[in-house]
Amino acid sequence: MSSRASFEIVQKAAAVGINAVVAISAPTAYAIRRAHDLNILLAGFARQTSFTVYTHPEYLCSQEPVS
């Protein structure tokens, strides 16, 4: 998404079974709390090669995929 990640987006993602939300901008404080409570990985400040993870970093894999 291209704007701030709101709690509404996090809740809608959870309702349909999406377990990660990534935004270009920062998430709101309430979105961070809701993502934590709903077990959703929430990331912001997404750029071409980086992003900031706010909740559930354990969902990320640190290994390169095997081809």
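Residues numbered from 1 in each chain as written. Predicted model: local features only at pLDDT ≥ 70, side-chain atom pairs only at ≥ 80, totals over all residues. Heavy atoms only, no water.

Peer 1: I keep staring at the nonpolar core and nothing clicks. Help me out?
Peer 2: Most often, soluble globular proteins have nonpolar side chains that are buried together. Membership of the largest hydrophobic core is limited to nine residues, which are Ala5, Val10, Ala13, Val21, Ala23, Ala31, Ala35, Ile40 and Leu42. Going through the elements one at a time, α1 (7–15) and α2 (29–37) are the ones with two or more residues in this core. Dropping the residues within four chain positions of it, Leu42 is found in contact with Ala5, Val10, Val21, Pro27, Ala31, Ile32, Ala35, Thr52, Val53, Tyr54 and Thr55. (Core = buried A, V, L, I, M, F, W, Y, C linked by side-chain atoms within 4.5 Å. Buried < 20%, exposed > 50% of the residue type's maximum accessible area, 1.4 Å probe, protein only. Helix = DSSP H or I, 4+ residues; strand = E, 2+ residues; numbered from the N terminus. Contact = heavy atoms within 4.5 Å.)

Peer 1: Help me understand the side chain of Thr55 in this model?
Peer 2: Within the fold, Thr55 resides in strand β3 (residues 52–55). Residue classification places Thr55 among the buried positions, given a relative accessible area of 3%. Separated by 2.6 Å, the side chain of Thr55 and the backbone oxygen of Ile40 make a polar contact. With residues up to four places along the chain from it excluded, the contact list for Thr55 reads Ile32, Ala35, His36, Ile40, Leu41 and Leu42. (Polar contact = N/O pair within 3.5 Å; in protein donor to acceptor, adjacent residues only side chain to side chain.)

Peer 1: Got a minute to help me understand α2 in this structure?
Peer 2: The α-helix advances 3.6 residues per turn, and as a result positions three or four apart in sequence lie on the same side. Among all positions in α2, only Ala31, Arg34 and Ala35 are buried. Down the axis of α2, the buried set is contained in an arc of 100°. They therefore lie on one face. Check the buried side of α2 and you find it contacts α1, β2 (41–44) and β3. Phi turns positive one or two residues past the end of α2, at Asn39, with a value near 60°. (Arc of directions from axis to C-beta.)

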